[in-house]
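Listed below are the residues making up each chain.
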Amino acid sequence: MLNIHYRLLVSILLLQASIALAAEPDIDLGDVTEQHVMVPMRDGVKLSVYLYVPRGEGPWPALLEQRYANARATRTRQELAELASHGYVVALQNFRGTQLSEGRYVGYRALGWGEKQDGYDTVEWLAAQSWCNGKVGTFGSSQAGYAQNFLAVTQPPHLVCQYMIDTGLSLFHEGYRIGGATRPERFKRMADVCRDPADNDRMLAEWFEHPNYDDYWADENCALHFDKMNVPCFTVGSWYDFMCQGSVESFIGRQHHGGEKSRGKQQLLVGPWLHGRFNKQSKVGDIEYPENANFDMLSHMIRWFDHHLKGSDNGIDRDPPVRYYTMGAVGEPDAPGNVWRQAEDWPTKSQLTEYYLQPEGQLTTTQPTVEVGSTSFLADPMNPVEIAGTGFPGARDARIVEEQKEVRTFTTEPLGESVEWTGDVHAELYVSSSAKDTDFIVRVSDVYPDGRSILIVDYIQRARYREGFEKEVFMEPEGVYKVAFHVGWLSQNFNRGHRIRVTVASTGAPFYEPNPNTGEPLTIEFPSDAVVARNTVHHNPQHASRIIAPVVVSH
C-alpha cells in the first residue's frame, strides 16, 4: 500500500511539473529545447532537473548547476539556453527537498560525502544519457559554488572540470555563521525554497544544538578534503564580497593540496565586484570603474569548457594562474590602480604593516604613547547600529554608518604618497566589556578628499570564539582581552591625498544579527533578557589595537 501511495505521489509531482512548465510564459530560447525530468538518486528519491538541449544530433558534453533557488526566472532560463546554444546540454538541478525535488531538505549535507551523494549521482546520470559524450563540467555561483566543492570531494568518474564563482568551503565559517555570529533570521527564510517548510525548522534546531565547531560542522567543511578534489577549476572571486575568502582558499587548497589532476591546474580571477554571477561589471555600488573592470563571464566560461570538454586548443590552459584587479581612485586622472595584474600564485608578496588605533580617532603606523588610551561605545541589541540590507554594502559611501552614535572611526592623515594594500587584512583588538560576550565589527574604507568613505572590506568576530570556534570562552567584566580576526582580502591603491579609515562597532543590523550580550546559549528566537554592553577598545602601549595590512612595496 505504501508503494502504491509513493508511486501515486511521484506521478502527481511529475504531472504538476509538466503543468507548471506548460503554464509558464513562452520565452524565446532560440534553437534550444527546454525539458523537465525527475532524476533518481541512489536512495530512490528523485530530484528536479531542467535540461537545455541544443539543436542537432549530439552527443554533447553536459554542464551541471545545483542550487536550492528557483530555477524558473526568465533571465535564468535565457542564460542557460545561451550557454547550451554553444554545444552543451545544460542541466539545472534543485537540491533535494527544494522546489520540485523530492526528499527532505538538509542543506548541503546530501550533496557530498556520506550515505547520500546527490552530486555524484547526478553527474553519472548525465554521463550515461544517449545525448551525452560522457564528459561533464559544473558551474555556478554562491550556493552553486559551495555545491561544486562538495561534489568535487566525491570524485564522480565523469566529472572533468569546474567553474566556481563567489564560492565557499565551510558552512560554519562562511555561511550559516560569520565570525561565530549566528544568523537565524537570515536562514528562517530558507523555508521559502522547501517543499516542506518544517524541514528548515528541523535544520535550524540542529544548528543550535551545536553551538561550537565540532564533528557535526566538520561534515560540512570541504576544506578538510582538498586531497580528494581532483579536477581543474576556474574560480572567480569578488573583492566586495565576504565570501571572497572562500574563493581564495578554494584556489589555494586545490592548487597546492589537491589531487594529481588538480594541483597546478587551477586558475583564479578576482575583480572589483559584488557577490553574484553575471554582475561582473564596471559599475559597482557608488563606484564606476574603468571599462577594463567588465568581465564577459559567459564567453570565458565557454572558452574554459570548450578546452576541457571538447579538446579545443584555445590557449586558456596557458593563461596566468592568478589574475587580480588592483582597485584605485575613480574620477581622478593619473590615479594609480584600476589595472589587472597577474601572478603565479596567491597571495602575492607584501610587507605586513601595522596601523595603530590612536586617541582622537587617529590611525597611524607608529605605536600609541598615551598610557591610558581607549575608546568606548555601546552594543545595544535592542537599538543596534544600522547596516541596511542583507548583502555586503561594499563600494558605497559608509558615512551613513560611521555617523551613527555607537560607531567609532580611526583615520589617517591625508596620504603624502599612494599606498597599495594587496592581500589579507587582519585586526588585533584589545578589548574590555561589561558583558560576558559581545561582537566586534571592523571595516576598512578609502576616504576621498571630498569626504566620501568608500567601504572595501568588513568582518565580525563574536568574542566568545576569540580563542577558536571549537570552544566558548567568556569575558570577565573590565578584563582586557585580545580579539584577533580576519577582516578581508583586497587589492586597493589608496591615492595620494586620500585617507585610510578603520571603523569599529559592535552592532550592525540587519546585516549582522545582534548578539544578546548575555553569554547564554544562543537561540533561534531572540531572547527577552538581552542586555546593553559597554565595550572598550584599548589603544595604549600595553594594549595596542591595530590593523595588520599587506602593503606592497613595489611592482
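Residues numbered from 1 in each chain as written. Predicted model: local features only at pLDDT ≥ 70, side-chain atom pairs only at ≥ 80, totals over all residues. Heavy atoms only, no water.

Turning next to the pairing of strand β5 (residues 132–141). With 8 of 10 residues buried, β5 is to be regarded as a mostly interior element. Pairing of strand β3 (residues 60–67) with β5, which is carried by 4 bridges, proceeds in the parallel orientation. Looking across to β5, one finds that L63 is bridged to G137. Bridge count between β5 and strand β6 (residues 159–165): 6 bridges; the pairing is parallel. Bridge pairing in β6 places G137 opposite C161. Following the backbone out of β5, through helix α4 (residues 143–154) and into the adjacent parallel β6, one traces a crossover that is right-handed. (Buried < 20%, exposed > 50% of the residue type's maximum accessible area, 1.4 Å probe, protein only. Helix = DSSP H or I, 4+ residues; strand = E, 2+ residues; numbered from the N terminus. Pairing = 2+ DSSP bridges. Right-handed = clockwise from strand over helix to strand, strands pointing away.)

On average, the chain scores 95 in pLDDT, and the residues at 70 or more come to 96%. Here residues 1–22 scores under 50 on pLDDT; set against residues more than four positions off or in separate chains, the count is 15 contacts. (pLDDT = per-residue confidence, 0-100. Contact = heavy atoms within 4.5 Å.)

The 10 strands lie next to each other as β1-β2-β4-β3-β5-β6-β9-β10-β13-β14, forming an open sheet whose pairing is mixed. Of all strands in the sheet, those bounded by a partner on one side alone are β1 (33–40) and β14 (339–343). Averaged over all adjacent pairs, the angle separating strand axes in this sheet is 25 degrees, with direction ignored. The strands touched by helix α10 (residues 297–310) within the sheet are β3, β5, β6, β9 (233–240), β10 (267–274) and β13 (322–326), with β6 carrying the most contacts at an inclination of about 165 degrees. (Axes fitted to C-alpha atoms, helices over the stretch in contact; angles between N-to-C directions.)

For the rest of this paragraph, the subject is the environment of T74. In this fold, T74 is placed in helix α2 (residues 74–84). Once the C-alpha coordinates of T74 and L29 are considered, the two residues, 45 residues apart in sequence, prove to be 10.0 Å apart.

Let us now look at the packing of aromatic side chains. Using the criterion set out here, one finds 29 aromatic pairs in the structure. Ring geometry for F172 against W217: centres 5.2 Å apart, planes inclined by 70 degrees, an arrangement best described as edge-to-face. Here F172, found in helix α5 (residues 171–174), pairs with W217, found in helix α8 (residues 215–218); they are 45 residues apart in sequence, far enough to count as distant. By relative accessible area, which is 1% here, F172 ends up buried. Of the residues examined, W217 reaches a relative accessible area of 0% and is grouped as buried. Taking the centre distance of 6.0 Å and the plane angle of 80 degrees together, the rings of Y289 and Y325 count as edge-to-face. Taken as a pair, Y289 in the loop between β12 (287–288) and α10 and Y325 in strand β13 lie far apart in primary sequence, 36 residues in all. Both residues of the pair, Y289 and Y325, count as buried. Among the aromatic side chains, those forming a connected cluster through ring pairs are F172, Y176, F187, W207, Y213, Y216, W217, Y465 and F469. In this structure, R186 packs its charged tip against the face of F187, placed 4.7 Å from the ring centre. (Phe/Tyr/Trp six-rings, centres within 6.5 Å; stacked < 30°, edge-to-face > 60°. Lys NZ or Arg CZ within 6 Å of the ring centre and 35° of its normal.)

Next up on the list: the state of the cysteines. Under the definition given, this model contains 0 disulfides. For the unlinked cysteine C161, the closest cysteine sulfur is that of C233, found at 8.5 Å. Judged by relative accessible area, C161 falls into the buried class, the value being 0%. For C233, a relative accessible area of 0% translates into the label buried. (Disulfide = S-S within 2.5 Å.)

Another aspect to go through is the pairing of strand β2 (residues 46–53). Along β2, 7 of the 8 residues are buried, which leaves the element largely enclosed by surrounding structure. Across 8 bridges, β1 lies against β2 in antiparallel orientation. Within the sheet, the bridge partner assigned to V39 lies in β2 and is L47. In sequence, β1 turns back onto β2 through a hairpin of 5 residues, with G44 there showing a positive phi of about 90 degrees. When β2 meets strand β4 (residues 89–94), the two strands line up antiparallel, connected through 4 bridges. When the sheet's bridge partners are listed, L51 is paired in β4 with A91.

Residues Y163, F305, W346 and W421 are the most contacted members of the largest nonpolar core, which totals 134 residues. In terms of residue count, the dominant contributor to this core is α10 (7 residues). With 21 residues, the next largest nonpolar core counts L47, L51, A127 and W131 among its residues. (Core = buried A, V, L, I, M, F, W, Y, C linked by side-chain atoms within 4.5 Å.)

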